[in-house]
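# Survey of secondary and tertiary structure
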Amino acid sequence: MKIAVFASGRGSNFDAIMRAIRSGELRGVELALVLSDRPSAPVVSKAEAWGVRCLALEPKRFTNKAHYEAATLQHLQAEQVEIIVLAGYMRIIGETLLSAFANRIINIHPSLLPAFPGKDGIGDALRYGVKVTGVTIHFVDEGIDSGPIIAQQAVPVLEGDTRETLLERVQHVEHQLYPKVLQWFADGRVLREGRQVSVHQATRHID
Ligand code: GRF
């Protein structure tokens, strides 16, 4: 299964996916391309360090989102990418990519959705004072963090937690969960019917 990772920032989830692929823990997945909308983002140098092709395409160089996404789409098609994996990509996916990749774009969000969607899932959870937050991996639709949920894992909020300490524990979970979910996709185990997403038993191979 060929994937592309879209990222705007640090790229620690990209790193975790690459580690899982290269260590053989994540099987049947090839990371064909990283797309960043910010050429100066740390994820760009991380991709170079891994020897993964990285496309730094700045949206401001295009007249509108449709043109930006059409250019992106050409690269994705040339690389025969099957799944787009958003990992800290700070833009809303538009109609061009959503229709070309229907049911094939996934995102990771640092809260238990539908609580705390948007840019600051960690800060919003701390400010609200919840005792449990977590990580959600979901299909991407036209809304903000609103698509059908594929996997969730809880993370406790501890007394005295700061943004940094909570982020660290949330990201630790993200780095385990994203490769695990990608393995489900690579094994063809994920089925979506409306908002319901089910994960089927792995097929047993008898040699
Ligand atoms: C992650 O916490 C993810 O949940 C959110 O953006 C962050 C990206 O982190 N969507 P990184 O760039 O992978 O380190």
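The structure contained in this document is the topic of the report that follows. Within every chain, residues take consecutive numbers counted from 1 along the sequence as written. Only residues with pLDDT of at least 70 get local features here, since the model is predicted, and only at 80 or more are side-chain atom pairs given and counted; chain-wide, interface and lining totals rely on the full set of residues. Values reported for side chains reflect all heavy atoms of the structure, with hydrogen atoms and water molecules removed beforehand.

## As for the side chain of Ser36
For helices the rule is a DSSP run of H or I covering at least 4 residues; for strands it is a run of E covering at least 2, with both sets numbered from the N terminus onward. Residue placement: Ser36 occurs in strand S2 (residues 30-36). Nitrogen and oxygen atoms within 3.5 Å of one another constitute a polar contact, given that in protein one can donate a hydrogen and the other can accept it, and given that sequence-neighbouring residues count only through two side-chain atoms. In this structure the side chain of Ser36 is engaged in a polar contact, spanning 2.9 Å, whose partner is the backbone oxygen of Ala7. Residue contacts are defined here by distance: any two heavy atoms, one from each residue, within 4.5 Å place the two residues in contact. Apart from residues no more than four positions distant in its own chain, Ser36 is found in contact with Ala7, Ser8, Ala41, Val43, Val44, Leu55, Ala56 and Leu57.

## Description of the environment of Ser23
Secondary-structure assignment places Ser23 in helix H1 (residues 12-23). For the pair Ser23 and Lys131, spaced 108 residues apart in sequence, the C-alpha separation works out to 35 Å. A polar atom in the side chain of Ser23 sits 3.2 Å from the backbone oxygen of Ala20.

## As for the packing of H1 against helix H2 (residues 42-50)
One way to put it is that H1 packs onto H2 with a least axis distance of 10 Å and a crossing angle of 15 degrees. Between H1 and H2, the crossing angle belongs to the class labelled roughly parallel. The interaxial crossing formed by H1 with H2 has right-handed handedness. Contact residues: Phe14, Asp15, Met18, Arg19 and Arg22 in H1; Val43, Lys46, Ala47 and Trp50 in H2. Three categories are distinguished: nonpolar for Ala, Val, Leu, Ile, Met, Phe, Trp, Tyr, Cys and Pro, charged for Asp, Glu, Lys and Arg, and polar for the others, with Gly belonging to the last. Class assignment for the residues of the contact of H1 with H2 results in five nonpolar, no polar and four charged. To obtain an axis, a line is fitted to C-alpha atoms, over the contacting stretch when the element is a helix, and the angle between two such axes runs from 0 to 180 degrees between their N-to-C directions. Here roughly perpendicular refers to angles of 65 to 115 degrees, roughly parallel to angles under 35, roughly antiparallel to angles over 145, and oblique to all remaining angles. By definition, turning the near helix anticlockwise from the far helix through less than a right angle yields a left-handed crossing, and turning it clockwise yields a right-handed one.

## Topic: helix H6 (residues 163-186)
Take the number of residues in a helix, subtract one, and multiply by 1.5 Å to get its expected span. With 24 residues, H6 ought to run about 34 Å at 1.5 Å a step, and its terminal C-alpha atoms sit 34 Å apart, in line with that. With its phi angle positive at about 65 degrees, Gly188 sits one or two positions after the end of H6.

## Overview of the packing of aromatic side chains
When the centres of two rings from Phe, Tyr and Trp lie within 6.5 Å, Trp using its six-membered ring, the rings pair. Their planes under 30 degrees apart give stacked, over 60 give edge-to-face, and anything left gives tilted. Going through the model one piece at a time under the given rule, you end up with four aromatic pairs. Between Phe6 and Tyr89, the ring centres sit 5.2 Å apart and the planes meet at 65 degrees, which makes this aromatic pair edge-to-face. Taken as a pair, Phe6 in strand S1 (residues 2-6) and Tyr89 in the loop between strand S4 (83-86) and helix H4 (95-100) lie far apart in primary sequence, 83 residues in all. Residue exposure (1.4 Å probe, protein chains only): buried if accessible area is under 20% of the type maximum, exposed if over 50%, otherwise partly exposed. Since its relative accessible area comes to 10%, Tyr89 is described here as buried.

## Remarks on the packing of helix H5 (residues 121-128) against H6
Running from N to C, H5 and H6 point in directions that differ by 120 degrees, and their axes come no closer than 10 Å. For the element pair H5 / H6, the angle class is oblique. The handedness of the crossing between H5 and H6 comes out as right-handed. Residues Ile122, Gly123 and Leu126 of H5 lie in contact with H6, whose contacting residues are Arg163, Leu166, Leu167 and Val170. In terms of residue class, the contact of H5 with H6 is built from five nonpolar, one polar and one charged.

## Focus on the environment of His175
Among the secondary structure elements, His175 is positioned in helix H6. Spatially, the C-alpha atom of His175 lies 5.7 Å from that of Asn13, the residues being 162 residues apart in sequence. Excluding residues that lie within four positions of it along the chain, His175 makes contacts with Ser12, Asn13 and Ala16.

## Side note on the site of the ligand
Around the ligand, the neighbouring residues are Arg10, Gly11, Ser12, Asn13, Gly88, Ile108, His109, Pro110, Gln171 and Glu174. Between the ligand and Gly11 there is a distance of 2.8 Å, counted from an oxygen atom to a backbone nitrogen or oxygen. Ile108 is positioned with one of its backbone polar atoms (N or O) 2.9 Å from a nitrogen atom of the ligand. Computed with the Shrake-Rupley method and a 1.4 Å probe, the accessible areas treat only the protein chains shown as cover for residues. Here the ligand, which alone exposes 360 Å², has 85% of that area covered by the protein. Within the residue set of the shell around the ligand, elements represented by two or more residues are H1, strand S5 (105-109) and H6. Definition of nearness: a residue and a molecule or strand are near each other if at least one heavy atom of the residue lies within 4 Å of the molecule or strand.

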